[in-house]
Amino acid sequence: MLGIKGGDGMAGVRLANVQKSFADVHVLKDINLEINDGEFVVFVGPSGCGKSTLLRTIAGLEEITSGSLHVGDKLVNDVPPSDRGIAMVFQSYALYPHMNLFDNMAFGLQLAKVPKDEISKLVHAAAKTLNIDHLLDRKPKALSGGQRQRVAIGRAIVRKPEVFLFDEPLSNLDAELRVRMRYEFAKLHEELKTTMIYVTHDQVEAMTLADRIVVLRDGRIEQVGSPQELYDHPANEFVAGFLGSPRMNFLEGTLSANGSGDGGLKLKNGVEIASLSGAPASLTNVQCKLGLRPENIKIDKNHKSIDCPVKFVEALGSQTQIYCEIPGAPELLTVVAPGNAKVKTGDMLPLSFAAKDCYWFDAAGKALPRVVA
């Protein structure tokens, strides 16, 4: 992709003690976040966690109740959206149906009284960058979903913003096109080298696109870090369960210890599921949770195995997802096995896992240090 760069000067975004309320409903609670120049940051979290409100607050479409917001070195709390150096791409594309692609992309520049020759240069450069330069005379109804999304992005690019904001831009596309568009977003960021903030409920988008991920829950930031950092070292049970597909398994119980330093996790009904080494000593004889990622559970009989009946099997081609029952556990245990695994409902599987693959959480859900080796 060639021919166009981002804004004349890149800018980071800094939020300090930002609060947002609608009447008595507190949507954003004490948000403190610094996004660096040229960084690709993704906001994730469940529906209603405040991620889109946070994005709209940065854009200036929602007023901050309290706190401060800087774009670059400029305090923008009271700056209109059009003067913040920010461009936003919406989930709905928001294209004008009666205009062709060229006019859709040029409209904002025309309102700003940019000379016609400069508009033409900017629009054609953006269209070439997005591989839609051959479609400029078409109207939106003649385009595919992916092409419409490119037009919406192109309309943002021509403004040369210092910060791009994307609000679930791929949610209206089918699965195959979403994969292709993730690649396009990654290329776009590499080309423009501009700060990008992206909201999604899709953790695959977050893991593949982000330099850093911001995990939100109930209007608060739970954790900020690189995708691998959050996956390997979640701060709490919520982050651990939110990132990863299939999601992490959790087994709740009380950890007991014996003279050799090993222990067993006793579930609420008293069933002991395993002999474990390396569990945090602080959890002995107190309520806690053991977290196990499905891909780290092995079908392998050894002295630490658990015999579990298979309740359901999903053969997905590249892998097989197996759902097993553990006596005393309220939820089925999910296991990811190779696609050629010969497993069927009713089988009894010996399941095992290594101490280094265990995640431990105290009664409040806070993560404790993991065994490294």
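Just so you know, these numbers come straight off a predicted model, no measurement behind them.

Caption draft 1: Quick look at helix H4 (residues 145-157). An ideal rise of 1.5 Å per residue puts 18 Å on 13 residues; H4 measures up with 18 Å between its terminal C-alpha atoms. Turning to H4, its buried residues number three or more, namely Gly146, Gln149, Arg150, Val151, Ala152, Ile153, Gly154, Arg155, Ala156 and Ile157. Next to the buried residues of H4 lie strand S6 (86-89), helix H2 (101-111), helix H3 (116-129), strand S7 (163-167) and helix H5 (175-192).

Caption draft 2: Here's a closer look at the pairing of strand S19 (residues 348-352). Counting buried residues along S19, four of its five residues qualify, which places the element largely inside the surrounding structure. Examined bridge by bridge, strand S15 (residues 298-299) and S19 share two bridges and lie antiparallel to one another. Looking across to S19, one finds that Ile299 is bridged to Leu351. In this sheet, S19 lies alongside strand S16 (residues 306-315) in antiparallel orientation, the contact comprising four bridges.

Caption draft 3: Geometry of H3. An ideal rise of 1.5 Å per residue puts 20 Å on 14 residues; H3 measures up with 20 Å between its terminal C-alpha atoms. Among the residues of H3, those classed as buried are Ile119, Leu122, Val123, Ala125, Ala126, Ala127 and Thr129. Where H3 is buried, its residues touch H2, H4 and H5. Looking at the residues trailing H3, positive phi occurs at Asn131, about 60 degrees.

Caption draft 4: Spotlight on the packing of H2 against H4. Between H2 and H4, the least distance of the axes is 8 Å, while the angle of their chain directions is 30 degrees. Relative to H4, H2 is oriented roughly parallel. Here the hand of the crossing between H2 and H4 comes out right-handed. Between H2, through Leu101, Asn104 and Met105, and H4, the contact on the second element is made entirely by Val151, Gly154 and Arg155. Across the contact of H2 with H4, the residue classes break down as three nonpolar, two polar and one charged.

Caption draft 5: Looking closely at the pairing of strand S20 (residues 358-362). In terms of residue burial, S20 counts as a mostly covered element, since four of its five residues are buried. Direction of pairing for strand S14 (residues 287-292) relative to S20: antiparallel, over a ladder of five bridges. The partner of Leu290 across the bridge, within S20, is Trp360. Looking at chain direction, S20 and strand S21 (residues 367-368) are connected through two bridges and run antiparallel. Each bridged residue has a counterpart across the sheet, and for Trp360 the counterpart in S21 is Leu368. Where S20 hands over to S21, the hairpin turn is made up of four residues, of which Gly365 adopts a positive phi near 90 degrees.

Thresholds applied
- Residues numbered from 1 in each chain as written.
- Predicted model: local features only at pLDDT ≥ 70, side-chain atom pairs only at ≥ 80, totals over all residues.
- Heavy atoms only, no water.
- Helix = DSSP H or I, 4+ residues; strand = E, 2+ residues; numbered from the N terminus.
- Expected span 1.5 Å × (residues − 1).
- Buried < 20%, exposed > 50% of the residue type's maximum accessible area, 1.4 Å probe, protein only.
- Contact = heavy atoms within 4.5 Å.
- Pairing = 2+ DSSP bridges.
- Axes fitted to C-alpha atoms, helices over the stretch in contact; angles between N-to-C directions.
- Parallel < 35°, antiparallel > 145°, perpendicular 65-115°, else oblique.
- Left-handed = near helix turned anticlockwise from the far one by under 90°.
- Nonpolar A, V, L, I, M, F, W, Y, C, P; charged D, E, K, R; others polar.

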